[in-house]
Amino acid sequence: MLSESNNPRDIMNEVSRTHHAIQSLDKAVSSLEMELAVERARSGGGAVSSVGPQKAFVVIGINTAFSSKKRRDSLRETWVPRGEKLRRLEKEKGIVIRFVIGRSGTAAGGGALDRAVDSEEAENKDFLRLDHVEGYHELSSKTRIYFTTAVATWDADFYVKVDDDVHLNLGMLTSRLAKYRTRPRVYVGCMKSGPVLSQKGVKYHEPEYWKFGDEGNKYFRHATGQIYAISKDLAAYISINQPILHRFANEDVSLGAWLIGLEVEHVDDRSMCCATPPDCEWKKRAGNVCVASFDWSCSGVCKSVDRMKHIHKACGEGQGAVWSVAT
């Protein structure tokens, strides 16, 4: 008979504890290396400053455009807190939420579009302005600049990009991400591998289709662009290397390309791409509240301005859910 110290169950428990300790150490070393590299980049290669960016658990950047004020308001009326509630969420839970937008093409940024957003920002204080000229075909550039700006502004465990026509449950997102807090280099989203479209004039046409092999090939696995999250070390990697990161036509493909050659854990989380009611409503009733909901046919919630309140009522987790999540 085995002694207690040689009991197979005790041995397996010890192996499990050792494995967890190694994972935590790997995460710590990776984070320290990236933090040092980011600080050096911020200081232009000089001495590292003792004053760093604000600490946070997650930064949620909502991609938006000048023409999307009604979409932004529909989110402020549903899952995006306003005013003091937004500040409290940031201070007490480390959850930062900002609408992400660049500048118009007007010289010196003094155009009517920029002034309208400046006015909206003065009222709501929920924007992150980028040094970037807005344009649909510039989404890959905007994504690079978003992560670079966010890393310079907040020291967060995770950075999320979500579109302004997606319904999001903050508590579910936070609890999902918290599971991966001790793991290095995590990339979370609904992973897909769609066809590389070589035909000109079609939506999502890829001018550099030839780089992906023979005609009819599919892209490598990557998270769909409506919503995804990356850990601190990956956001720092993008920040440090953003001048030389190649941009493909589609933003989600670009992000996947930046990460595909790294030691990255791809997490395929299907709760981040639920369909709108009745799908997300049925799942909620079954106890499986979705992280995010949208319509694949519209690459977001179809007619989101008109439908967001209904979706929030049917599929929302409840106002108090995010406050009960440990961060």
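Residues numbered from 1 in each chain as written. Predicted model: local features only at pLDDT ≥ 70, side-chain atom pairs only at ≥ 80, totals over all residues. Heavy atoms only, no water.

In this structure the tally under the stated criterion is 7 aromatic pairs. With a centroid separation of 5.8 Å and an interplanar angle of 70 degrees, the aromatic rings of Phe-57 and Phe-158 are classed as edge-to-face. Of the two residues, Phe-57 sits in strand 1 (residues 54-63) while Phe-158 sits in strand 4 (residues 154-163), which places them 101 residues apart along the sequence. Residues Phe-57 and Phe-158 agree in their burial class; the two are buried. Ring geometry for Phe-212 and Phe-248: centres 5.1 Å apart, planes at 55 degrees, overall tilted. A residue pair is termed long-range when its members are at least 10 positions apart, and Phe-212 in the loop between strand 6 (186-192) and strand 7 (222-231) and Phe-248 in the loop between helix 7 (232-241) and helix 8 (251-260) qualify at 36 residues. Considered together, Phe-212 and Phe-248 belong to a single accessibility category, that of buried residues. Over the ring of Trp-323 we find Arg-88; its NZ or CZ atom is 4.0 Å from the centre of that ring. (Phe/Tyr/Trp six-rings, centres within 6.5 Å; stacked < 30°, edge-to-face > 60°. Helix = DSSP H or I, 4+ residues; strand = E, 2+ residues; numbered from the N terminus. Buried < 20%, exposed > 50% of the residue type's maximum accessible area, 1.4 Å probe, protein only. Lys NZ or Arg CZ within 6 Å of the ring centre and 35° of its normal.)

Buried residues dominate strand 3 (residues 127-133), accounting for 5 of its 7 residues. By the bridge criterion, 4 bridges tie strand 2 (residues 95-103) to strand 3 in an arrangement that is parallel. Across the sheet, Ile-101 pairs through a bridge with Arg-129, a residue of strand 3. (Pairing = 2+ DSSP bridges.)

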